[in-house]
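# Examination of the molecular architecture
Residues per chain, in single letters:
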Amino acid sequence: MKAEVFLPDDYRPAEDEPFMNDLQVEYFRRKLLNWRQELLDDSRDTIEALQDGTRNIPDIADRASEETDRALELRTRDRQRKLVSKIDAALRRIEDGEYGYCEVTGEPISLKRLDARPIATMTLEAQERHERREKVHRDD
């Protein structure tokens, strides 16, 4: 078990620090855990609203509108469920000491990219190459 790292409230990773030092790792770990908790809280709220919101609406147009809203909400929650699994994978990479490094090239992923998308697994350049190849194969 690692010792707990003191992280100042105003801490932001900086390029002039050693990459993925204890402070940076703790910063991203907390960011991922907070994001995950927000998603789970939203999901719980949706489940409660769907359970409480079941009612018999006589007007067919109103019923159709409510069903559309529910379907949209469920699709959103499904995307968030997939996001939670990506967050869990990022947390595992932190535990394994692999977080912050590109899974394709092994190079460090920029701190700006990780701050904007903490579940990133590739450098921006590797991601762009991946998307170009994906687009080429999709057009066939």
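Throughout what follows, the structure given in this document is the object of discussion.

Definitions and cut-offs
Residues numbered from 1 in each chain as written. Predicted model: local features only at pLDDT ≥ 70, side-chain atom pairs only at ≥ 80, totals over all residues. Heavy atoms only, no water. Core = buried A, V, L, I, M, F, W, Y, C linked by side-chain atoms within 4.5 Å. Buried < 20%, exposed > 50% of the residue type's maximum accessible area, 1.4 Å probe, protein only. Helix = DSSP H or I, 4+ residues; strand = E, 2+ residues; numbered from the N terminus. Contact = heavy atoms within 4.5 Å. Phe/Tyr/Trp six-rings, centres within 6.5 Å; stacked < 30°, edge-to-face > 60°.

Membership of the largest hydrophobic core comes to 22 residues, with the highest contact counts inside it found for Met-20, Phe-28, Leu-32, Ile-87, Tyr-99, Leu-114 and Ile-119. For this core, the secondary structure elements donating two or more residues are α1 (22–52), α2 (60–96) and α3 (111–116). Sort the elements by how many residues they give to this core and α2 lands first, with six residues. For Ile-87, the residues in contact, after removing those within four places along its chain, are Leu-32, Trp-35, Arg-36, Leu-39 and Ile-119.

With that out of the way, let us pick up the packing of aromatic side chains. Throughout the structure, instances matching the rule amount to four aromatic pairs. Consider the rings of Tyr-11 and Tyr-27, whose centres lie 5.9 Å apart with planes at 70°: the pair is edge-to-face. Here Tyr-11 is found in the segment before α1, whereas its partner Tyr-27 is found in helix α1, with 16 residues between them in sequence. Judged on exposure class, the residue Tyr-11 and its partner Tyr-27 are both buried. Taking the centre distance of 5.1 Å and the plane angle of 80° together, the rings of Tyr-27 and Phe-28 count as edge-to-face. With respect to burial, Tyr-27 and Phe-28 carry one shared label: buried. Of the aromatic side chains, those joined through ring pairs into one cluster are Tyr-11, Tyr-27, Phe-28 and Tyr-99.

None of the figures reported here should be taken as evidence of function without further support.
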